[in-house]
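Observations on chain architecture
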Amino acid sequence: MPAGTLYRGREGMWSWVAHRVTGVLIFFFLFVHVLDTALVRVSPEAYDETIEVYKTPLVGFMEYGLVAAVLFHALNGLRVIAVDFWNKGAQYQRQLLWTVVGIWVVLMAGAAYPVLSHAFSELFGS
């Protein structure tokens, strides 16, 4: 392990960190989403401008990041439940994590086209 690394744990520690980070990212997305939705009551014109910003390629890539965060958080949450409530969960926590990562990669590959197609068509044409 390189010197200066704060977390010296193995897969379990990194999944713990990733679970917290994705949870915070999802919370901030929900916070912004509530604010931008509430904007329609205050100023419909500002709301329409905000929606136009959301159609940009940058936001499309951010949406893909949101899908990544939600999927990992959900799948890792199921892993945490298995580790906590299955009597052999702690024994198999490493295998469970790699199963979660494998499922996550497959689902992210499947989500790439539907989520990113608009961003790529805006950037490179149809």
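Quick caveat, the model's predicted, so the values are computed rather than measured. (Residues numbered from 1 in each chain as written. Predicted model: local features only at pLDDT ≥ 70, side-chain atom pairs only at ≥ 80, totals over all residues. Heavy atoms only, no water.)

1. Focus on the pattern of salt bridges
The criterion, for reference: Salt bridge, as used here: a side-chain nitrogen of Lys or Arg that lies within 4 Å of a carboxyl oxygen of Asp or Glu. Helix and strand assignments follow DSSP, with helices taken as H or I runs no shorter than four residues and strands as E runs no shorter than two, numbered in order from the N terminus. Here's how the labels work: a residue is buried when its accessible area is under 20% of the maximum for its type, exposed when over 50%, partly exposed in between, all with a 1.4 Å probe on protein chains only.
Applying the stated criterion across every chain yields a total of two salt bridges. Among the salt bridges present, the one from E11 reaches R94, with a minimum N-O distance of 2.9 Å. Here R94 lies in helix α4 (residues 93-124) and E11 lies in helix α1 (residues 11-42), a separation of 83 residues in the sequence. Judged by its relative accessible area of 34%, R94 is partly exposed. Two residues, K55 and E52, come together in a salt bridge whose shortest N-O distance is 3.2 Å. We classify E52 as partly exposed; its relative accessible area is 48%.

2. Some points on helix α3 (residues 57-85)
Our working definition: One less than the number of residues in a helix, times 1.5 Å, gives the span that helix is expected to have. In what follows, residue pairs with any heavy atoms lying within 4.5 Å of each other are defined as contacts.
Taking 1.5 Å of rise per residue, 29 residues should cover 42 Å, and α3 covers 42 Å from first to last C-alpha, within 8% of that figure. Residues of α3 that are buried include every one of P57, V59, G60, A68, A69, F72, L75, N76, G77 and R79, and no others. In this structure, the buried side of α3 is in contact with α1, α2 (44-54) and α4.

3. What to know about the side chain of S15
Of note, S15 is situated in helix α1. Look at S15 and you get buried, because its relative accessible area is 2%. The contacts of S15, once residues within four sequence positions are left out, are F72, N76, R79 and L97.

4. What about the packing of α3 against α4?
Worth spelling out the cut-off: Only the stretch in contact is used when a helix axis is fitted, and all axes are lines through C-alpha atoms; the angle between N-to-C directions ranges over 0 to 180 degrees. Should an angle fall under 35 degrees it is taken as roughly parallel, and over 145 as roughly antiparallel, whereas 65 to 115 is taken as roughly perpendicular and any remaining angle as oblique. Here a crossing is called left-handed whenever its near helix is offset anticlockwise from the far helix by less than a right angle, and right-handed whenever the offset is clockwise.
Their axes nearest at 9 Å, the elements α3 and α4 cross at an angle of 160 degrees. The orientation of α3 with respect to α4, classified from their angle, is roughly antiparallel. As for the relative orientation of α3 and α4, their crossing is right-handed in sense.

5. A look at the environment of G125
Looking at the element boundaries, G125 is found in the segment after α4. The partly exposed category is assigned to G125, whose relative accessible area is 37%. In sequence terms G125 and Q95 are 30 residues apart; their C-alpha atoms lie 42 Å from each other.

6. Some details on the confidence of the model for the protein chain
To keep things clear, this is the line we draw: Each residue carries a pLDDT value, the predictor's own confidence for that position, ranging from 0 to 100.
Mean pLDDT over the protein chain works out to 91, with 93% of the residues at or above the 70 mark. When mean pLDDT is compared element by element in the protein chain, α3 scores highest at 96, while α2 scores lowest at 93.

7. Here we look at the packing of aromatic side chains
We count it as follows: Aromatic rings from Phe, Tyr and Trp, taking only the six-membered ring of Trp, are treated as a pair when their centres fall within 6.5 Å; an angle between ring planes under 30 degrees marks them as stacked, one over 60 as edge-to-face, and anything in between as tilted.
Counted according to the given criterion, the structure contains four aromatic pairs. Judged by centre distance (5.6 Å) and plane angle (15 degrees), the ring pair of W86 and Y92 falls under stacked. Between F120 and F124 the ring centres are 5.9 Å apart and the planes differ by 20 degrees, which places this aromatic pair in the stacked class. Highlighted residues: F120 and F124, both in helix α4, separated by four residues, approximately one helical turn.

8. Here's the deal with a nonpolar patch on the surface
This is how the line gets drawn: For patches, a residue must show more than 30% relative accessible area and have no salt bridge; joins then use 9 Å for like charges and 5 Å for nonpolar side chains, namely Val, Leu, Ile, Met, Phe, Trp and Tyr. Residue-level accessible areas treat just the shown protein chains as cover; the underlying method is Shrake-Rupley with a 1.4 Å probe.
Among the surface-exposed residues, V24, F27, F28, F31, V32, L35, V53 and Y54 lie close enough to one another that they form a single nonpolar patch of about 760 Å² accessible area. Mapped onto the nonpolar patch, the elements with two or more residues apiece are α1 and α2. Along the chain, V24 falls in helix α1. The class of V24 is partly exposed, set by a relative accessible area of 43%.

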